[in-house]
Structure formats: structure tokens, C-alpha cells
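Close look at the chain arrangement
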Amino acid sequence: MAYTINANARPAGFLRALTPVFASLGEALVAYMERNTRLDEIRRLEALSDSELAARGIARDRIAHHVFRDKFYV
């Protein structure tokens, strides 16, 4: 007995209607992972001493601004 798989099959019926929902969920997951990575960077910078932060040119109260500088212009 032989089995075949059609790799180009399109989702049928209700699955085709749900494709935008799955795409939105995927985008939300990517956004979450990007935020989580930035949160890790914030925690890493907060663990540094004031002198280490000063050597990097970052004030302690500006850590979040530094981490998100490419996303938000504040």
C-alpha cells in the first residue's frame, strides 16, 4: 500500500476562514517575544552598578528609554 501527501493542499472550508486569525496570533507571538527579549535587557542593565552604567553612558532612570530607543522616541 502506498501513501501520498499533497504538500500544496489549501485548507478547506472553515480552516481557510481562520487563516487570518492564525496570522494575527503569530504576529502577537512575535511581538511578545520581542518585548520579552527587551525585558531581559532591562533586567541585565538594572543589575549593573551606577559606575558601570555611567561607563556605558546610561543613567539608571533612563534604562527603559535606552532599551526601547529604536521603537519609541521619548
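Here the structure is a predicted model, which is why all the values come from computation and not from measurement.

Along the protein chain, the regular secondary structure elements total 3 helices and 0 strands. A buried classification covers 11% of the 74 residues belonging to the protein chain. Restricting the contact set of the protein chain to residue pairs at least 6 apart, pairs at least 24 apart contribute 26%. On the protein chain, roughly 6500 Å² of surface is accessible, and the fraction owed to carbon and sulfur atoms is 60%.

In the predicted model, the protein chain carries a mean pLDDT of 84, and the fraction of residues at 70 or more is 86%. Averaged pLDDT values for the elements of the protein chain fall to 85 in helix H1 (residues 14-46) and rise to 96 in helix H2 (residues 50-56).

A word on the pattern of salt bridges. A complete count under the given rule lists 2 salt bridges for this structure. Note that Arg38 is salt-bridged to Asp70, the shortest N-O span being 2.9 Å. With Arg38 in helix H1 and Asp70 in the segment after helix H3 (63-67), this pair connects stretches of sequence that are 32 residues apart. Close ionic contact of Arg60 with Asp50 constitutes a salt bridge, the shortest N to O distance being 2.7 Å. Taken together, the residues Arg60 in the loop between H2 and H3 and Asp50 in helix H2 connect sequence positions 10 residues apart. A relative accessible area of 53% means that Asp50 is categorised as exposed.

If you look at soluble globular proteins, the nonpolar side chains tend to sit buried side by side. Counting residues in hydrophobic clusters, the biggest one holds 7 residues: Ile42, Leu45, Leu48, Leu53, Ile58, Ile63 and Val67. Counting only elements with at least two residues in this core, the list comes to H1 and H3. In this structure Leu48 touches Leu53, Arg56 and Arg60, once residues within four positions along its chain are discounted.

Our next topic: the environment of Leu39. Here Leu39 is to be found in helix H1. Between the C-alpha atom of Leu39 and that of Val67, which follows or precedes it by 28 residues, the distance is 8.6 Å.

Bringing a nonpolar patch on the surface into the picture now. On the surface, a nonpolar cluster with roughly 440 Å² of combined accessible area is contributed by Leu15, Leu18, Val21, Phe22 and Leu25. Its place among the elements puts Val21 in helix H1.

Once that is clear, we can look at the side chain of Arg38. Classification of Arg38 as buried rests on a relative accessible area of 16%. Excluding residues that lie within four positions of it along the chain, Arg38 makes contacts with Val67, Phe68, Asp70 and Lys71.

Cut-offs used in this document
- Residues numbered from 1 in each chain as written.
- Predicted model: local features only at pLDDT ≥ 70, side-chain atom pairs only at ≥ 80, totals over all residues.
- Heavy atoms only, no water.
- Helix = DSSP H or I, 4+ residues; strand = E, 2+ residues; numbered from the N terminus.
- Buried < 20%, exposed > 50% of the residue type's maximum accessible area, 1.4 Å probe, protein only.
- Contact = heavy atoms within 4.5 Å.
- Areas by Shrake-Rupley, 256 points an atom, 1.4 Å probe, with all protein chains shown as cover.
- pLDDT = per-residue confidence, 0-100.
- Salt bridge = Lys/Arg side-chain N within 4 Å of Asp/Glu carboxyl O.
- Core = buried A, V, L, I, M, F, W, Y, C linked by side-chain atoms within 4.5 Å.
- Patch = residues over 30% accessible without salt bridge, like charges linked within 9 Å, V, L, I, M, F, W, Y side chains within 5 Å.

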